[in-house]
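Examination of the molecular architecture
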Amino acid sequence: MSLLILLTVLLLAFAIKFAWKRRFLYRAAAKFQGPVALPLIGNAWLFMCKNEDILMRIYGLSKKYPDDPVRFWLGPSLIIMLSNPHHLEKILSSSKFAHKHDIYDLLKVFTGEGLITSSGSLHKEHRHLIQPMLTANFSQDSVAVMQKHAERCMDILEAKLDQDMFDIEDAIHQCMIDANKELILGSTRSSQLHGYSKYDRALTNMYNLGFTRLVKPYLQPEMIYNLTPYKRRQEDLIHAVKDFIKQVVQQSKERRAHSCPPGDIYPVVDRIRDVREERPDVISDKVFEDHLLTLYAAAEDPSTITCSFLALCFGLYPEYQERAAKEIMEVFGETPSTPSWEALSKLQYLDMCLKDVLRLFPIGPIILRKCTSDFLLDDKWLIPKNCGIALPIFAIHRDPRYWSHPDHFYPDHFLPESTNQRHPYAYLPFSAGSRGCIGKLLANTIIKVFTCNLLQRFEIEAAGTLAEVELKMDISTRPKRGYRLKLKRRVWK
Ligand code: HEM
């Protein structure tokens, strides 16, 4: 009995000390609106649903609190969500929010100190080294590489001509694997010709496993996670992925030793290797591998998703497809050939289509940051040090106050007169500021070259409406039932 009393007293003392140390956080949180928080779990109950439905829960909440900041408690963690573009601008342009939220640490087992998961001075220094490698010149050189892989993909898609509906994702995924492996990793092993490799499969499973742990709080404590089968699986995946990256590094060293010409492109791996030669103290072997895996993963999956959604939207909105195809024909003619860099920039309508797809299906539907010191927002709201910040990009991209046709594919959203009237931070498909995407130009190039090839060869059909495309969230936004399309030979009228 006395032991029980002692334990209760100790527990109570611990709880009081814990609450006392965090009194500033509670005081600041009380100034924000937010849903009812339960003892211990806070608002975590709002997100107790299937992983894939979390996106819609967050969307619902941000619609409920569209203007002023709102607070959530996820267990002991305070998160402030901001849905007003004017607030997003303040956050994304402040150095106080350049830190990723602590939850990203769970992904460090995979991508270590790569640009997505690192923060602080190491991130800043390495971003300065890597960003200049992805210049307009690199994107320009990537056109020919992308054209080669896109043509191969179109040849594969010929087999689907005039057949039943099929999911186009696999074909696009293998094409994007080949292109990004050559551009970033300098590897010419083709998944389109030889099928998915062990590495390709491991990487896809890695995204899924990483996301599962992010959204299941009970898997987050290391002690518990280590006892689950997920841990074993994680080790197998890491092993497969890292093995491949080590081979890529080795091949790059051999190219250097034999002064091999870089082939079709001077890939990112060789560019980083050359920087290391000059400054070996700055990038260790381990961080070199982390960068390669991060850059490849950051490029391959978003490009696949965006090209697939663009094809689906063209299938659902034939009039916009026709307009984009006509523009491509006017600029390039009917026969697919390697587009010139100048000609690509003439595809204004395709550009508007791509922008609207990135609006509807942003790769980062929610961006999470950590506040590293107290921050006074609009001289009104004190965002306390160490709390999390959530930016619900998906919800803002569908807010009817900024978009005339929020839930439709509507390229005219990006007519200059509409764009000029909108707050620039109401559209953030590549995020912004010191943690914004460094591959934006490359991504635009890859996707446009791919789409030119697709529309030059095929007419795309899809059934139903965009409203019927149910979405799910994993590490990005995807359709629950795939990208189902039908292809017909394009006949120029
Ligand atoms: C359609 C294609 C793409 C989209 C929509 C996209 C979107 C984004 C977004 C939203 C972020 C910020 C994430 C956050 O703040 O949490 C980001 C970061 C990043 N992206 Fe992209 N991305 C794309 C393609 C690429 C490509 C092709 C590369 C590189 C070759 C790339 C490399 C990166 C890197 C390294 C970061 C981390 C930057 C940092 O934190 O310093 N991305 N991307």
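Higher on the page you've got the structure.
Since we're looking at a predicted model, the values are computed, not measured. Here the residue numbering is sequential within each chain, running from 1 through the sequence in written order. Owing to the predicted nature of the model, reporting of local features is limited to residues with pLDDT of at least 70; listing and counting of side-chain atom pairs is limited to 80 or more, with chain, interface and lining totals taken over all residues. Excluding hydrogens and water, the side-chain figures rest on all heavy atoms present in the structure.

1. A word on the nonpolar core
Under the convention used in this document: What is meant by a nonpolar core is a set of buried Ala, Val, Leu, Ile, Met, Phe, Trp, Tyr and Cys residues, joined one to another through side-chain atoms within 4.5 Å. Buried, partly exposed and exposed residues are distinguished by accessible area as a fraction of the type maximum, computed with a 1.4 Å probe on protein chains only: under 20%, between the cut-offs, and over 50%, respectively. Runs of E in the DSSP output that reach at least two residues are strands. Runs of H or I that reach at least four are helices, and both are numbered from the N terminus. Residues count as neighbours in contact if any of their non-hydrogen atoms are within 4.5 Å of one another.
Counting residues in hydrophobic clusters, the biggest one holds 157 residues, and the most contacted among them are Leu157, Phe409 and Phe450. Take this core: its biggest share by element is 17 residues, from helix H14 (residues 285-316). In contact with Phe409, other than residues within four places in its own chain, are Leu310, Cys313, Phe314, Tyr317, Tyr320, Cys353, Asp356, Val357, Leu360 and Leu466.

2. Considerations on helix H12 (residues 229-257)
Selection rule: Expected helix span is computed as 1.5 Å times (number of residues minus one).
Along its 29 residues, H12 runs 42 Å from first to last C-alpha, staying within 8% of the 42 Å computed at 1.5 Å per residue. Among the residues of H12, those classed as buried are Gln234, Leu237, Ile238, Ala240, Val241, Lys242, Phe244, Ile245, Val248, Val249, Ser252 and Arg255. Where H12 ends, the next residue or the one after it, Ser259, has phi of about 45°, a positive value.

3. Some points on the site of the ligand
Defined as follows: Residues are labelled near a given molecule or strand when at least one of their non-hydrogen atoms is within 4 Å of it. Two N or O atoms form a polar contact when they lie within 3.5 Å of each other; inside protein one atom must be a possible hydrogen donor and the other a possible acceptor, and for residues adjacent in sequence the pair counts only when both atoms belong to side chains. Throughout, the ten residues Ala, Val, Leu, Ile, Met, Phe, Trp, Tyr, Cys and Pro are labelled nonpolar, Asp, Glu, Lys and Arg are labelled charged, and all others, Gly among them, are labelled polar.
Close contacts around the ligand come from 27 residues, with His123, Arg127, Ile363, Arg435 and Cys437 the closest. Contact between the ligand and Arg127: an oxygen atom at 2.8 Å from a side-chain N or O atom of the residue. A distance of 3.4 Å separates a nitrogen atom of the ligand from a polar atom in the backbone of Ala298. In terms of residues, the shell around the ligand owes the most to one element, H14, which gives five residues. Of the residues assigned to the shell around the ligand, the class counts are 18 nonpolar, five polar and four charged.

4. Details of H14
Look at H14: 47 Å from first C-alpha to last across 32 residues, which is about the 46 Å you get at 1.5 Å a residue. The buried count for H14 comes to 29 of 32 residues, which makes it a mostly enclosed element.

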